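Listed below, chain by chain, are the residues.
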Amino acid sequence: MRTAFIDTLLNIAEQDERVWLLTADLGFSVLEKFIERFPDRYVNVGVAEQNMIGIAAGLASTGIKPYLYSIANFPTLRCLEQIRNDICYHELDVKIVSVGGGLAYGSQGYTHHGVEELGILRMLPGMTVVAPGDPVETRLATQELNKHSGPGYLRLGKANEPVLHENEPGFRLGQANVLRTGRDGCLISTGAMLGECLRVSDQVRQENGLEIRVVSMHTIKPLDETMLLKCVRELPWVMTVEEHSITGGLGAACSEVLAEAGNFRARFQRFGLPDRVNHTFGSQQFLRNLLMGDLLEEVQLLCRARRLAA
Amino acid sequence: MEFDLKASEDLAARIRSQTLRMVHRAKASHIGSCFSMTDLLAVLYGGLLRVSPDLPGSMDRDRFLLSKGHGAAAVYATLAENGFFPKSWLDTYGQDGSVLSGHISHYDVPGIDFSTGSLGHGLSIACGLALAAKRKKHDYRTFCLLSDGECDEGSIWEAILFAPQFKLDNLTAIVDYNKIQSFGRVKEILNLEPFADKWRAFGWEVREIDGHDHQLIHQTLTSIPFVANKPSVVIAHTIKGKGVSFMEDRLEWHYKSPNDQQLETALRELRRAA
């Protein structure tokens, strides 16, 4: 996803001279293409994220469109108040990009697990929060974010995520994409869990003949409430899936909508990380299974419960 | 341009009187912090800053950031005295429905670019403004007024590191060094000394001045950048509560607002000095 991001940003920067790239000294072997092409529109502020946000606010107030690049929690939680006061308070056009969202840096330790930021940034007024599911969505999200004026956050995975969209999808911020159709249940995914959701959907289709809809809710704010309500009104169950704390993120955002909506019969469930510190480390896949459980099993349980109820 | 000392000191007296009335009416705090920087504001807005109430949003205007956002009342008074908005607005300070908040706010307030209030934010924003001017060849200058207590914040030192690296000689930091922070004397809470040496060691060109000497403030700020390719910092030695005898160098005036009698006494003192 990070390659898709930087390649797209490079293209955008060719057309839009307002685009600058700032980093807090991260992005080695990723950002070089941009640095070489636009040295005057690139700033490495050093390992100083709070300063980076303030600088971006100053730049943006003159009409520059800064993209800030760093990893995991550094450009988000570390400098949360700067984002709130310097950027959101002033409604400035600054885009924050974090690589290694979720458990991508699983073996690097809990400090590097970016698993609360979607919920926290979602609370900031005017902030658009986007977590694309694959490199195609990353490219499209980057392009759309550049057209959108105002504070934005883009959560990326790491490198070499598979392309999941077989065809070029229509893409708009705040409008979810359906990657698998189906009437037997629904997985609503955000970020890099999209691949897992597709795999489970395909497996259940093959083994049980059930058709599980898969929705990529790449934009968490503004949330596609219409899509969510359509799913809970059409299908027996809906489960949100995110590599994020069970509190505050996609599942919470959907819960808020559903609690007020009424008029639906679907069972609603959240799949995500438990609300506790994780002291065990390992690969992204290992930690997903350890901390969230087996998505396939959860889906089969939901399907079985549905059959028993029927 | 010839510096008119009398006009500058008169402006400062008017700012102090307005600020007093505002803080009194609002029963607000931070009068001491407003008064320690009033003379700096008077010189800056008395003709030194290239800003105009007619074009408060022009690209080439000098940028002024109040990083010590709690000094808002004095800046509102300064802007009103300079015609950025009607003086009648000052009556709304601290009142229900006002656009003028106790920590400086930009929204719907002509002449103010950035809201602050949480300490340690302004200098980073100022670095961004100065960097944009450098890279895009704008000739506006950026001034950022800091408090001494604010320099406890780590983010300030991130910005202090940054500015010399990027040769921001169009950036001037001014520290209102009144030596009192929220809980007591700076040197007893978290000592900044040797303060000038610290800035110098980080790569800034430093001037230390009496922050109440208008002539000296003007002379200093008209000679920036002090050295080409280096950011400038003016450490202004000031007195908290300056201008009103019973407020000077007293911690309590970080919090208290004057009662009716104190207001009268203070206004009388200011009139006598003018």
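Residues numbered from 1 in each chain as written. Chains lettered and ligands numbered in written order. Predicted model: local features only at pLDDT ≥ 70, side-chain atom pairs only at ≥ 80, totals over all residues. Heavy atoms only, no water.

- Per an unreviewed UniProt entry, chain B goes by the name Transketolase and belongs to Telmatocola sphagniphila.

- As recorded in an unreviewed UniProt entry, chain A goes by the name Transketolase-like pyrimidine-binding domain-containing protein, listed as coming from Telmatocola sphagniphila.
- Recorded under Cofactor (unreviewed entry), the UniProt text for chain A is reproduced unchanged: "thiamine diphosphate".
- As recorded by UniProt, the Sequence similarities (unreviewed entry) comment attached to chain A reads in full: "Belongs to the transketolase family." (UniProt positions renumbered as here; feature names shortened; annotations may be inferred.)

## Topic: a positive patch on the surface
Residues and elements named next belong to chain B.
For step 1, the next point in the chain: On the surface, Arg21, Arg268, Arg271 and Arg272 cluster together into a patch of positive charge.
For step 2, the next point in the chain: Tallying contributions element by element places helix α9 (residues 260–273) first for the positive patch, with 3 residues.
For step 3, the next point in the chain: Examined against the element boundaries, Arg272 turns out to sit in helix α9. (Patch = residues over 30% accessible without salt bridge, like charges linked within 9 Å, V, L, I, M, F, W, Y side chains within 5 Å. Areas by Shrake-Rupley, 256 points an atom, 1.4 Å probe, with all protein chains shown as cover. Salt bridge = Lys/Arg side-chain N within 4 Å of Asp/Glu carboxyl O. Lys, Arg positive; Asp, Glu negative; His and termini not counted. Charge placed at Lys NZ, Arg CZ, Asp CG, Glu CD. Helix = DSSP H or I, 4+ residues; strand = E, 2+ residues; numbered from the N terminus.)

## Section: the interface of chain A and chain B
For step 1, the next point in the chain: Listed per partner, the contact involves 28 residues of chain A and 25 residues of chain B.
For step 2, the next point in the chain: Between chain A and chain B, roughly 2000 Å² of surface is buried when both sides are summed, and carbon and sulfur atoms account for 60% of that area.
For step 3, the next point in the chain: Considering only the side of chain A, the residues that lose the most area to chain B are Asn51, Thr62 and His90 of chain A, jointly responsible for 27% of the buried surface there.
For step 4, the next point in the chain: Mapped by element, the contributors of at least two residues to the side of chain A that touches chain B are β2 (42–44), α3 (49–60) and α4 (80–88) of chain A.
For step 5, the next point in the chain: Top contributing element to the side of chain A that touches chain B by residue count: α3 of chain A, with 8 residues.
For step 6, the next point in the chain: Split into classes, the residues belonging to the side of chain A that touches chain B amount to 12 nonpolar, 10 polar and 6 charged. (Contact = heavy atoms within 4.5 Å. Buried area = accessible area lost by both parts, 1.4 Å probe. Nonpolar A, V, L, I, M, F, W, Y, C, P; charged D, E, K, R; others polar.)

## Notes on the packing of aromatic side chains
All names here are of chain B.
For step 1, the next point in the chain: Under the defined criterion, the tally for this structure stands at 13 aromatic pairs over all chains.
For step 2, the next point in the chain: When the centroid spacing of 6.4 Å and the interplanar angle of 85° are considered together, the rings of Tyr45 and Phe84 count as edge-to-face. Of the two residues, Tyr45 is situated in helix α2 (residues 31–48) and Phe84 in the loop between α3 (72–81) and α4 (122–136); the sequence distance between them amounts to 39 residues. With respect to class, Tyr45 is no different from Phe84; both count as buried.
For step 3, the next point in the chain: Three or more aromatic residues joined by ring pairs form one cluster here, namely Trp157, Tyr177, Phe195, Trp199, Phe202 and Trp204.
For step 4, the next point in the chain: Taking NZ or CZ as reference, Arg16 lies 5.7 Å from the ring centre of Phe35, over its face.
For step 5, the next point in the chain: A cation over an aromatic ring shows up here: Arg63 above the ring of Tyr140, its NZ or CZ 4.1 Å from the ring centre. (Phe/Tyr/Trp six-rings, centres within 6.5 Å; stacked < 30°, edge-to-face > 60°. Buried < 20%, exposed > 50% of the residue type's maximum accessible area, 1.4 Å probe, protein only. Lys NZ or Arg CZ within 6 Å of the ring centre and 35° of its normal.)

## Concerning the pairing of strand β2 (residues 142–147) of chain B
All names here are of chain B.
For step 1, the next point in the chain: The element β2 is extensively covered by neighbouring structure, given that 6 of its 6 residues are classed as buried.
For step 2, the next point in the chain: Judged by which residues are buried, β2 turns out to be covered on both faces: Thr142, Cys144 and Leu146 on one side and Phe143, Leu145 and Ser147 on the other are all buried.
For step 3, the next point in the chain: The sheet contact formed by strand β1 (residues 63–66) and β2 spans 4 bridges and is parallel. Among the inter-strand pairings, Leu66 is bridged to a residue of β2, identified as Leu145.
For step 4, the next point in the chain: As defined by bridge partners, β2 adjoins strand β3 (residues 171–177) across 6 bridges and the pair is classed as parallel. Note that in β3 the partner of Leu145 across the bridge is Ile174. (Pairing = 2+ DSSP bridges.)

## Examining the environment of Gly249 of chain A
For step 1, the next point in the chain: Summarising the element assignment, Gly249 of chain A is placed in the loop between β11 (237–245) and α9 (250–261).
For step 2, the next point in the chain: Leave out the neighbours within four places in its chain, and Gly249 of chain A touches Gly119, Arg122, Glu242 and His244 of chain A.

## Regarding the packing of helix α1 (residues 5–26) of chain B against α3 of chain B
All names here are of chain B.
For step 1, the next point in the chain: At their nearest, the axes of α1 and α3 sit 9 Å apart, and the two run at 125° to each other. When the axis of α1 is compared with that of α3, the two are oblique. α3 is crossed by α1, and the crossing has right-handed handedness. Contacts between α1 and α3 involve Leu11, Arg14, Ile15, Gln18, Thr19, Met22 and Val23 on the former and, on the latter, Ala73, Ala74, Tyr76, Ala77, Thr78 and Glu81. (Axes fitted to C-alpha atoms, helices over the stretch in contact; angles between N-to-C directions. Parallel < 35°, antiparallel > 145°, perpendicular 65-115°, else oblique. Left-handed = near helix turned anticlockwise from the far one by under 90°.)

## Comments concerning the UniProt feature "domain: Transketolase N-terminal" (unreviewed entry) in chain B
For step 1, the next point in the chain: Residues annotated in UniProt with the feature "domain: Transketolase N-terminal" (unreviewed entry) correspond here to residues 10–254 of chain B.
For step 2, the next point in the chain: Between the C-alpha atoms that bound residues 10–254 of chain B there is a distance of 24 Å. The span itself is 37% helix and 13% strand.

## Overview of the sheet that holds strand β6 (residues 205–210) of chain B
All names here are of chain B.
For step 1, the next point in the chain: The 5 strands lie next to each other as β1-β2-β3-β7-β6, forming an open sheet whose pairing is parallel. Only two strands of the sheet have a single partner each, and these edge strands are β1 and β6. The sheet shows a mean angle of 20° between the axes of neighbouring strands, direction not considered.

## Section: the confidence of the model for chain B
For step 1, the next point in the chain: Taken over all residues, the pLDDT of chain B has a mean of 97, while the share at 70 or more is 100%.
For step 2, the next point in the chain: Here the predicted complex scores 0.97 on pTM and 0.96 on ipTM. (pLDDT = per-residue confidence, 0-100.)

## Considerations on the side chain of Glu150 of chain B
All names here are of chain B.
For step 1, the next point in the chain: Tracing the backbone shows Glu150 in the loop between β2 and α5 (154–165).
For step 2, the next point in the chain: For the buried Glu150, no salt bridge exists, and the shortest N-O distance to an oppositely charged side chain is 7.9 Å, to Lys68.
For step 3, the next point in the chain: In contact with Glu150, other than residues within four places in its own chain, are Ser67, Lys68, Leu119, Gly120, His121 and Ile156.

## Here's the deal with the sheet that holds strand β7 (residues 177–180) of chain A
Residues and elements named next belong to chain A.
For step 1, the next point in the chain: Strand order in this open sheet of 5 strands is β7-β9-β8-β11-β12, and the pairing throughout is mixed. One side of each edge strand has no neighbouring strand; the edge strands of this open sheet are β7 and β12 (267–273). Sheet twist, expressed as the mean angle between neighbouring strand axes with direction ignored, is 25°.
For step 2, the next point in the chain: With 3 bridges joining them, β7 and strand β9 (residues 212–216) adopt antiparallel strand pairing. Bridge pairing links Asn177 to Ser216 in β9.

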